[in-house]
Amino acid sequence: MAAEPVDPTSFTFSMEKRVRWSEVDPQGIVFNPNYLVFADIAFTEYMRAIGLAFPNPFEAEGTEIFAVRSEVNFRVSARFDDELTLLARTARLGRSSFIVEMAVRRAEALLADIRTVYVNADPASSTSQPLPPALIDKVLAFERHAPEQA
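Residues numbered from 1 in each chain as written. Predicted model: local features only at pLDDT ≥ 70, side-chain atom pairs only at ≥ 80, totals over all residues. Heavy atoms only, no water.

Colleague: Help me understand the overall build of the protein, please; the structure alone is not making it clear to me.
Modeller: Across its full length, the protein carries two helices and seven strands. Moving toward the C terminus, one meets the helices and strands of the protein in the order β-α-β-β-β-β-β-α-β. Whereas a compact globule of 150 residues would reach a radius of gyration of roughly 15 Å, the protein reaches 16 Å, a difference of no more than 12%. Counting the 150 residues in the protein, one finds 42% classified as buried. Within the protein, contacts between residues at least 6 apart in sequence are counted, and of these 69% link residues at least 24 apart. Summing over all exposed atoms, the protein offers an accessible surface of approximately 7900 Å²; the carbon and sulfur share of this is 52%. In the protein, 15 positive and 21 negative side-chain charges are present, and the distance between their average locations comes to 3 Å. (Helix = DSSP H or I, 4+ residues; strand = E, 2+ residues; numbered from the N terminus. Rg over C-alpha atoms; globule rule 2.2 N^0.38 Å. Buried < 20%, exposed > 50% of the residue type's maximum accessible area, 1.4 Å probe, protein only. Contact = heavy atoms within 4.5 Å. Areas by Shrake-Rupley, 256 points an atom, 1.4 Å probe, with all protein chains shown as cover. Lys, Arg positive; Asp, Glu negative; His and termini not counted. Charge placed at Lys NZ, Arg CZ, Asp CG, Glu CD.)

Colleague: What is the right way to read empty space enclosed by the protein from this model?
Modeller: Where empty space is left becomes clear once a probe the size of a water molecule has been rolled over the atoms. Scanning the entire structure with this criterion turns up one cavity of 30 Å³ or more. In this structure, the largest cavity is lined by Val6, Pro8, Phe11, Leu87, Ala103, Arg105 and Leu110. For the lining of the largest cavity, the per-class residue count stands at six nonpolar, no polar and one charged. (1 Å grid on protein atoms, 1.4 Å probe; cavity = no way out; pocket = protein on both sides within 12 Å on 5 of 7 lines; lining within 4 Å. Points joined across faces, edges and corners; volume = space filled by probe spheres on them. Nonpolar A, V, L, I, M, F, W, Y, C, P; charged D, E, K, R; others polar.)

Colleague: Explain the pattern of salt bridges to me, please; I cannot follow it from the model alone.
Modeller: Where charged atoms from two side chains of opposite charge approach closely, those side chains can pair. On inspection of all chains with the given rule, the structure shows ten salt bridges. Here Glu23 makes a salt bridge to Lys17, at a shortest N to O gap of 2.9 Å. By relative accessible area, Glu23 is classed as buried at 9%. Exposure remark for Lys17: the relative accessible area of 8% places this residue in the buried category. For Arg89, the salt bridge is made with Glu101, and the minimal N-O distance between the two is 2.4 Å. Residue Arg89 is located in strand 3 (residues 83–93), and its partner Glu101 is located in strand 4 (residues 97–106); the two are separated by twelve residues in the primary sequence. (Salt bridge = Lys/Arg side-chain N within 4 Å of Asp/Glu carboxyl O.)

Colleague: Would you take a moment to explain the packing of aromatic side chains for this structure?
Modeller: Aromatic ring pairs are described here by two measures, namely the spacing of the ring centres and the angle between the planes. Under the counting rule described, the total for this entry stands at nine aromatic pairs. Considering the side-chain rings of Phe43 and Tyr118, the 4.0 Å spacing of their centres and the 15° angle between planes classify their relative orientation as stacked. You can see Phe43 sitting in helix 1 (residues 34–50) and its partner Tyr118 sitting in strand 5 (residues 109–122), a full 75 residues away along the chain. For Phe43, a relative accessible area of 2% gives the class buried. Clustering of aromatic rings is evident, with ring pairs tying together Phe43, Phe54, Phe98 and Tyr118. Over the ring of Phe11 we find Arg89; its NZ or CZ atom is 5.4 Å from the centre of that ring. (Phe/Tyr/Trp six-rings, centres within 6.5 Å; stacked < 30°, edge-to-face > 60°. Lys NZ or Arg CZ within 6 Å of the ring centre and 35° of its normal.)

Colleague: I would appreciate a short explanation of the side chain of Arg89 in the present structure.
Modeller: For Arg89, a relative accessible area of 15% gives the class buried. Of note is the side chain of Arg89, whose polar atom sits 3.1 Å from the side chain of Ser10. In contact with Arg89, other than residues within four places in its own chain, are Val6, Ser10, Phe11, Tyr46, Ile99, Val100, Glu101 and Glu143. (Polar contact = N/O pair within 3.5 Å; in protein donor to acceptor, adjacent residues only side chain to side chain.)

Colleague: I keep staring at unusual backbone geometry and nothing clicks. Help me out?
Modeller: Trans peptide bonds make up most of the peptide bonds, and negative phi angles are found at most residues other than glycine. The omega angle of the peptide bond from Phe54 to Pro55 is 20°, so this bond is cis rather than trans. Even without a glycine there, the phi angle at Ala107 is positive, about 55°. If you trace the backbone, Ala107 turns up in the loop between strand 4 and strand 5. A positive phi angle is found at Ser126, which is not glycine, with a value near 60°.

Put into structure tokens, the structure is as follows:
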């Protein structure tokens, strides 16, 4: 993941979320693993926004999406009751995988940026499968900035 944060204007999708008491440590600071929960919330709502609702948008194709890698770059702490903006975008479309970049912001401050690799796979054999055309088409139609394609 690049040390420099991505430009917030490169995101088409955003949503609001308030930090809850259950997400903070005794000092009122968001506990680090919760940033991955925030990323999952953003990804789920991003998929809904592009027209592919969970839990399994590719059941008809016999495949499922699996997160296989996530990187979090922590920048500034979020605290109890902060109003956050969660952003998500598809940064790269590969043959069987895609990368989603997410950002957690409080007003103009970038709190964390997250990069997750998802793989489309046959759930029975755990073998990767080509990305469904519906995913590619919907991402390309939705994003203001086209993702890199392999």
